[in-house]
Amino acid sequence: MISANRIVYTDCLNELMRFTGAVTLTRMGIVESISRNIRYASFLSLAYLSTKKSLVGSITIDQSVSLNKPKFTKTSISDITVNGMVDAVSPVITESKIQNVSVEHSITLKSPKLTGSTLENISTAGDFIFKDANVQSSALRSISAGGGGIFGKLNLKNGVIEQISMALDALAEKVIMQSIDLQNVIIAGGTLLSYVNMKAGNFESMVFGDGFVVDELKLNRVRFTSISVVGEAVSRSSTIKEAEFRNVHFGASVELLNLDIRNTDLIGVGVSGNTLLSYAVLKDLSLVEVGFAGVSRFSKSTIERVNVDKALFLGRVGFEGAYMSKVVFRNVTFADVVDFKHAKLYRVQFLECTFKGPVIFDHSYRGRGVKFIDVKFEVEMSLKSTNMKSILRNQILSPVSDLEVPSVLEPMYNVLMNSESSPEEDEVPTELFYDMDSEEYDEL
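Residues numbered from 1 in each chain as written. Predicted model: local features only at pLDDT ≥ 70, side-chain atom pairs only at ≥ 80, totals over all residues. Heavy atoms only, no water.

Draft legend 1. Main features of the overall build of the protein. Across its full length, the protein carries three helices and 47 strands. Over its C-alpha atoms, taken along the principal directions, the protein stretches across nearly 95 × 40 × 35 Å. Burial statistics for the protein: of 444 residues in total, 50% are counted as buried. If you sum the accessible surface of the protein, you get close to 20100 Å²; carbon and sulfur atoms cover 48% of it. Taking the average location of the 45 positive side-chain charges in the protein and that of its 52 negative ones, the two points are 10 Å from each other. (Helix = DSSP H or I, 4+ residues; strand = E, 2+ residues; numbered from the N terminus. Buried < 20%, exposed > 50% of the residue type's maximum accessible area, 1.4 Å probe, protein only. Areas by Shrake-Rupley, 256 points an atom, 1.4 Å probe, with all protein chains shown as cover. Lys, Arg positive; Asp, Glu negative; His and termini not counted. Charge placed at Lys NZ, Arg CZ, Asp CG, Glu CD.)

Here you go:
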């Protein structure tokens, strides 16, 4: 065993060295030096290591390595092989680059602080643990784990994160991202986030496997492009403002509780399972070329200044008890039952829409500006106790026809129908959809 304290190398070349026993080094300094082609045959412990303007490369550790409060400043570290695990506590990495690191078991970085630095091509056959991190103006590229990922209390600002892959689950709490570009991410297992706050970022080409669950989600001025969630997606509280979702697909059901979404565009968004957004607030939205295969529920939601253009609702749709104002449905096909029971509609327009199933307006209220222009109803409507009768009672039914999908929506339809998930497997009980007690709406 080798143990040393306060060794400082300045303007030195250290290479072709081999240590056969365990090595413990405390307060070792490397300044404007090169260390390369070094092998540690046993355990390596480094406490308060400090490097500055140095090169470290081609290092092999046959067992595990422990680092306590290391500082890397303007240092390049590359080609590191660890046949055990890496455990680093409070590393400070400033204007440095660490790349080509391979770890047999797990990587744990506790309370790391990165400023103007890059971690690239880091791989482990085990878990990747990144906790209490403060990352500023840095890049994380090509990070892969054969196990899962555990991320706790992340504060990420002005950086790039790309090519991240986890073979199992990813868990994170208190994630704050500001001005982050995140792309090419694959989480094969489930994803569980306890709190996420994203502001002014771009998120592109991401795949989430077994499910996506968020306790609290806040998005502001962010853009999501080419996102796929294979399993179910659930958020217990979501606040979304000035965002854009483009080419986003959910392979199973989506349940967004306490959703408040405003000033947001959804383009090419599809849900192959059920969509449950009851009691939601949807304001100043644009939905273009969207599709929903299962049951879609917007019960008791507030929907204002929303434009829906070129959309497919293949399952039942529920607007029961909803408040709708200045909403436009244009070129929308409703293939199943649509329920407006107890809904209040003001300046709602249906333009060139098709209702292929029953439409229920029972106990709904029509305010000013409700219009149906070039609309096809193929099945009788239910108009009990509603002033909708004055504009719909003489509506001529169109012949029943097969579902025709507009060419612009064919790609979306194919995605919905070819999903591995079947909406019926997670079907909302029929009695909850149809047989709602009118007393539930007394508060409206």
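Draft legend 2. Layout of the environment of Ile7. By secondary structure assignment, the location of Ile7 is in the loop between β1 (2-5) and β2 (8-10). Taking the C-alpha atoms as reference, Ile7 lies 73 Å from Pro406; in sequence the two are 399 residues apart. Once residues within four sequence positions are removed from consideration, Ile7 is found in contact with Arg27, Met28 and Gly29. (Contact = heavy atoms within 4.5 Å.)

Draft legend 3. Just the nonpolar core, in detail. Formed by 117 residues in total, the largest nonpolar core has its most connected members in Phe319, Met324, Phe329, Phe340 and Phe350. Broken down by element, this core gets its largest block of residues, eight residues, from strand β23 (residues 170-187). Those residues in contact with Phe350 that sit more than four places away from it in its chain are Phe329, Phe340, Leu345, Phe355, Lys371, Phe372, Ile373 and Val375. Of all hydrophobic cores here, the second largest spans seven residues; its members include Ala293, Val405, Leu409 and Leu416. (Core = buried A, V, L, I, M, F, W, Y, C linked by side-chain atoms within 4.5 Å.)

Draft legend 4. Structural context of the pattern of salt bridges. Counted according to the given criterion, the structure contains 15 salt bridges. Residue Asp215 is joined to Arg236 by a salt bridge in which the shortest nitrogen-to-oxygen separation is 2.5 Å. Pair noted here: Asp215 is in the loop between β26 (211-214) and β27 (217-229) and Arg236 is in the loop between β28 (232-235) and β29 (238-241), with a separation of 21 residues, a long-range link. Looking at Asp215, the relative accessible area reads 33%, which means it is partly exposed. Connected through shared salt-bridge partners, Lys283, Asp284, Glu304 and Arg305 make up one network. (Salt bridge = Lys/Arg side-chain N within 4 Å of Asp/Glu carboxyl O.)

Draft legend 5. The arrangement of the packing of aromatic side chains in detail. One pass over the full model with this rule turns up 23 aromatic pairs. Plain terms: the ring middles of Phe334 and Phe355 are 4.8 Å apart, the flat faces sit at 5° to each other, and that makes the pair stacked. Separated by 21 residues along the polypeptide, Phe334 in strand β38 (residues 323-334) and Phe355 in strand β42 (residues 354-355) bring together distant segments of the chain. Classification of Phe334 by relative accessible area gives buried; the value is 0%. Note on Phe355: relative accessible area 0%, which makes it buried. Members of the aromatic cluster, each reached through a chain of ring pairs, are Phe292, Phe298, Phe313, Phe319, Phe329, Phe334, Phe340, Phe350, Phe355, Phe361, Phe372 and Phe377. Positioned over the ring face of Tyr48 is Arg27, at 4.3 Å from the centre of the ring. (Phe/Tyr/Trp six-rings, centres within 6.5 Å; stacked < 30°, edge-to-face > 60°. Lys NZ or Arg CZ within 6 Å of the ring centre and 35° of its normal.)

Draft legend 6. Here's a closer look at the confidence of the model for the protein. Within the protein, residue pLDDT values average 89, and 94% of them lie at 70 or more. Long-range and interchain partners of residues 421-444, a stretch whose pLDDT sits below 50, account for 45 contacts in this model, where long-range means more than four residues apart. (pLDDT = per-residue confidence, 0-100.)

Draft legend 7. Representation of a nonpolar patch on the surface within the structure. A contiguous nonpolar patch, built from Ile150, Leu171 and Leu192 and spanning about 220 Å² of accessible area, is present on the exposed surface. Here Leu192 lies in strand β24 (residues 190-193). (Patch = residues over 30% accessible without salt bridge, like charges linked within 9 Å, V, L, I, M, F, W, Y side chains within 5 Å.)

Draft legend 8. How the structure looks around the pairing of strand β12 (residues 76-82). Relative to β12, strand β9 (residues 55-61) runs parallel, the two sharing six bridges. What sits directly across from Gly57, in β12, is Ser78. Sheet topology places β12 next to strand β15 (residues 97-103); six bridges connect them, and they run parallel. Within β15, the position partnered with Thr81 by the bridge is Ser102. (Pairing = 2+ DSSP bridges.)

Draft legend 9. Spatial organisation of unusual backbone geometry. Although it is not a glycine, Lys74 adopts a positive phi angle of roughly 50°. With respect to the secondary-structure elements, Lys74 resides in the loop between β11 (71-73) and β12. Despite not being glycine, Asn158 has its phi angle at roughly 55°, a positive value. Topologically, Asn158 is positioned in strand β22 (residues 149-166). Under the relative-accessibility criterion, Asn158 is labelled partly exposed at 39%.

Draft legend 10. Summary view of a positive patch on the surface. A cluster of basic side chains, namely Lys110, Lys131, Lys153 and Lys174, defines a positive patch on the protein surface. Within the element layout of this structure, Lys153 appears in strand β22.

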